[in-house]
Amino acid sequence: MDTPKPDRCIACTTCTVVCPVAQATPEFLGPRMIGPAHERFRLLGLGEDKSLHYCSNCKNCDISCPYDVPISTFIMRARAEESKARRFPLRDWLLAHAELLDRWMRVIPAGLKNMGMSLPPVRMLLGALGVSGRMPLPAFARKTFRRQFAALPQPQGLPRKVVFFPGCFVDLYDPECGKDLVRVLNRAGYEVLLPPFVCCGLPQVANGFWEDARGNARTNLQELQKWKSAGIPVLTGCTSCSLMFKDDYRQYFPELLPESASPALADACEFLLECMDRGELVLPEPGAASRSLSVVYHAPCHLRAQGMGLPGLELLRRIPGVSVSNANAGCCGISGSYGFKKEKYEISMRVGSRLFEAMRRSGADISASECGTCRVQMRHGGGLEAVHPISLLLRYFEENGG
């Protein structure tokens, strides 16, 4: 593993000041200490610090570093190295391999799976494994997005094509979000294609299963190259998947990428904004059925880490009748699988408390965010229904005959 050097860190502690986990618990020594500072001890073979496992991989340290030190990369690579020396908990394996678990349990109807997950004996078993009983688990969809997509009608003769990378959350838990994107892209004149991509690998990286993530990255990059070579755009609505392709694959698995390769996926909200600017996607005038709607928007940390602005917020602002406010309240706290872990639940709720308060004070009818697990946390802690911005865009089209 080609580990980056820690000496670019000047110990300014900016990363620790902005770290939401360090602010929420003394159990975490902070990204500087566990990242580049402790890396010097690792290089000397002096062992690991237990605080390593309290990093949520939210990337706020990377966002803030004035010298572009890949702080989170040090921490994630250290987890990977530790996983070679000791067996990680079964709980972490389960949270890291949702796609594989779904394939194993596909013969069980979703209703039975979801009912079973809510039964006290099952929740007790999950609690014994270290899964929090207070964080609601996302419900499995009746059919995965991939299975529903195969039967999803698209208009004939659309002039353009686009490839969609749905990500695990849309595929397993929120296929309606994926179908909303397909319907909006169809309105812009795009036929949507769904190649056999697999999980981006971020859940495996965050939980220490590095080689599993490497295998997924290899599969995805090979598939991506086919479509990029054909000149067909590939996009995703998940900001964590987008970040994994754009930045993390090169940080974690540089041997899989030629130096000149660009593995970035297009952000779905940004792509639709460009469609509007080109005149491919025209919003209809508000009709009699159009409703005014107030929305509070949360920007996922993994979107802000990409330094590309807030296209989801801009998309909402372009919808007639929508009044949108930016919560601007930092990390929601869930960080993928982090908030589902028993020992991390209280930390995740403390981290997200600013967002929950901003949601309550906004007086909004509904909340919006691009990240699926952020939406789970927003419903749980903020008490508002949470949807993807593209779902609200589709709602406007449907209400106004577009």
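None of these values were measured; they are calculated from a predicted model. Along each chain, residue indices are assigned from 1 in the same order as the chain's sequence is written. Totals for whole chains, interfaces and linings use all residues, but because this is a predicted model, local features are given only for residues with pLDDT of at least 70 and pairs of side-chain atoms are given and counted only at 80 or more. The basis for every side-chain value is the complete set of heavy atoms in the structure, and neither hydrogens nor water enter the calculation.

With that settled, the discussion passes to the overall build of the protein. The helix and strand tally for the protein stands at 21 helices and 8 strands. As a reference, a globule follows 2.2 Å times the number of residues to the power 0.38, and the radius of gyration itself is taken over C-alpha atoms. Rg of the C-alpha trace for the protein: 21 Å, near the compact-globule value of 21 Å for 402 residues, within the 12% margin. Seen along its three principal axes, the alpha-carbon backbone of the protein occupies a region of about 65 × 50 × 45 Å. Using a 1.4 Å probe on the protein chains alone, a residue whose accessible area is under 20% of its type maximum counts as buried, one over 50% counts as exposed, and one in between counts as partly exposed. When burial is assessed residue by residue, the protein has 55% of its 402 residues classed as buried. Working rule for contacts: check all heavy atoms of both residues, and any pair within 4.5 Å makes them a contact. Contacts in the protein between residues at least 24 apart in sequence constitute 75% of all its contacts with a sequence separation of at least 6. The accessible surface values rely on the Shrake-Rupley method and a 1.4 Å probe; as for residues, cover is taken only from the protein chains in view. Per element, the accessible surface of the protein, about 17,400 Å² overall, is 55% carbon and sulfur. Under the scheme used here, helices are H or I runs from DSSP no shorter than 4 residues and strands are E runs no shorter than 2 residues, and both carry numbers assigned from the N terminus.

Here an axis means a line fitted to C-alpha atoms, over the contact stretch when the element is a helix, while the angle between two N-to-C directions is reported on a 0 to 180 degree scale. Two numbers describe how helix α12 (residues 175-187) lies on helix α16 (residues 268-277): the axes approach to 11 Å, and their chain directions differ by 20 degrees. The angle between the axes of α12 and α16 places the two elements in the roughly parallel class. Relative to α16, α12 is oriented so that their crossing is left-handed. Between α12 and α16, the contacting residues are L181, V184 and L185 on the first element and A268, F271 and L272 on the second. Of the residues assigned to the contact of α12 with α16, the class counts are 6 nonpolar, no polar and no charged. Any angle that falls under 35 degrees is termed roughly parallel, while one over 145 is termed roughly antiparallel, one within 65 to 115 roughly perpendicular, and all others oblique. Here a crossing is taken to be left-handed if its near helix is turned anticlockwise relative to the far helix by less than a right angle, and right-handed if that turn runs clockwise. Ten residues, namely Ala, Val, Leu, Ile, Met, Phe, Trp, Tyr, Cys and Pro, are considered nonpolar, four, namely Asp, Glu, Lys and Arg, are considered charged, and the remaining ones, Gly among them, are considered polar.

For our purposes a nonpolar core is just a set of buried Ala, Val, Leu, Ile, Met, Phe, Trp, Tyr and Cys residues, chained together by side-chain atoms within 4.5 Å. If you look at the biggest cluster of nonpolar residues, it comprises 45 residues, and the most contacted ones within it are L185, L272, L281, V295, L392 and L393. By residue number, the principal contributor to this core is α16, which donates 7 residues. Once residues within four sequence positions are removed from consideration, L392 is found in contact with L293, V295, L316, I319, I366, A368 and V387. The next biggest cluster of nonpolar side chains, apart from the first, holds 42 residues, and it includes I75, L224, L256 and C331.

Moving on: the sheet that holds strand β2 (residues 190-193). Each pair of strands is called paired provided DSSP finds at least two bridges between the two strands. As summarised here, the arrangement of the 4 strands in space is β2-β1-β3-β4, forming an open sheet in which the pairing is parallel. Both edges of this open sheet fall to β2 and β4 (266-267), since each of them pairs with a single strand only. Bridge analysis of strand β1 (residues 160-164) against β2 gives 4 bridges, and the strand direction is parallel. Looking at the pairing, K161 lines up with E191 of β2. In the packing of α12 onto the sheet, the strands contacted are β1, β2 and β3 (234-236), and the crossing angle to β2 comes to about 150 degrees.

A separate point is the sheet that holds strand β6 (residues 322-326). Taken together, 4 strands build an open sheet; the order of strands is β6-β5-β7-β8 and the sheet is parallel. What marks the edges here is a single partner per strand, and that holds for β6 and β8 (386-387). The sheet contact formed by strand β5 (residues 293-297) and β6 spans 5 bridges and is parallel. Bridging across to β6, V296 finds its partner in S325.

This part takes up helix α8 (residues 110-118). For α8, every residue scored as buried is listed here: A110, K113 and G116. Projected down its long axis, α8 shows its buried positions confined to an angular sector of 130 degrees, all on one face. Opposite its buried face, α8 presents the exposed residues G111 and S118, each directed more than 90 degrees away. Residues of α8 that are buried sit in contact with α7 (98-104) and α9 (120-129). Taken from the helix axis, the directions to the C-beta atoms give the arc we talk about.

The next point concerns the domain arrangement of the protein. Note that domain bounds follow an automatic or database assignment of domains. In terms of domain boundaries, the protein breaks down into domain 1 (6-85) and domain 2 (284-400). With 13 residues of domain 1 in contact, the opposing surface of domain 2 contributes 12 residues. Summed over both partners, the interface of domain 1 with domain 2 buries about 1,000 Å², with 63% contributed by carbon and sulfur atoms. Note on terms: buried area is the combined drop in 1.4 Å-probe accessible area of two parts once they are placed together, counting the loss on both. Together, A24, Y54 and I63 form the three largest contributors to the area buried by domain 1 at its contact with domain 2, with a combined 38%. Put simply, a salt bridge is a Lys or Arg side-chain nitrogen that is within 4 Å of an Asp or Glu carboxyl oxygen. On the surface where domain 1 and domain 2 come into contact, there are 0 salt bridges. Any N or O atom pair separated by 3.5 Å or less is treated as a polar contact, with the protein-specific requirement of one donor-capable and one acceptor-capable atom, and with residues adjacent in sequence counted only for side-chain atom pairs. Viewed at the interface, domain 2 and domain 1 are joined by 6 residue pairs in polar contact (both at pLDDT 80 or more). Where the side of domain 1 that touches domain 2 is concerned, the elements lending two or more residues are α2 (20-24) and α4 (60-64). In terms of residue count, α2 provides more of the side of domain 1 that touches domain 2 than any other element does, 3 residues in total. By residue class, the composition of the side of domain 1 that touches domain 2 is 7 nonpolar, 5 polar and 1 charged.

Fitting axes to the seven residues that end at a residue and to the seven that start at it, the angle between those axes gives the bend at that residue. A maximum bend of about 45 degrees is found in helix α15 (residues 239-252) at F245. Burial analysis of α15 places 10 of its 14 residues in the buried class, which makes it a mostly covered element.

Let's shift gears to the packing of aromatic side chains. Two aromatic rings, drawn from Phe, Tyr or Trp (for Trp, its six-membered ring), form a pair once their centres lie within 6.5 Å of each other, and the interplanar angle then sorts them: stacked below 30 degrees, edge-to-face above 60, tilted otherwise. Throughout the structure, instances matching the rule amount to 14 aromatic pairs. Where F165 meets F197, the ring centres are 5.1 Å apart and the plane angle is 65 degrees; that geometry is what we call edge-to-face. A residue pair is termed long-range when its members are at least 10 positions apart, and F165 in the loop between β1 and α11 (167-172) and F197 in the loop between β2 and α13 (202-206) qualify at 32 residues. With a centroid separation of 6.1 Å and an interplanar angle of 75 degrees, the aromatic rings of Y252 and F253 are classed as edge-to-face. Each member of the pair, Y252 as well as F253, carries the same accessibility label: buried. Through pairs of rings, three or more aromatic residues link up here, namely F165, F197, W210, F245, Y249, Y252 and F253. Ring-over charges, as used throughout, are those where CZ of Arg or NZ of Lys falls within 6 Å of the ring centre and within 35 degrees of the ring normal. The residue whose ring lies beneath K113 is F140, and the NZ or CZ to ring-centre distance is 4.6 Å. Sitting over the ring of Y54, K344 keeps its end group 5.1 Å from the ring centre.

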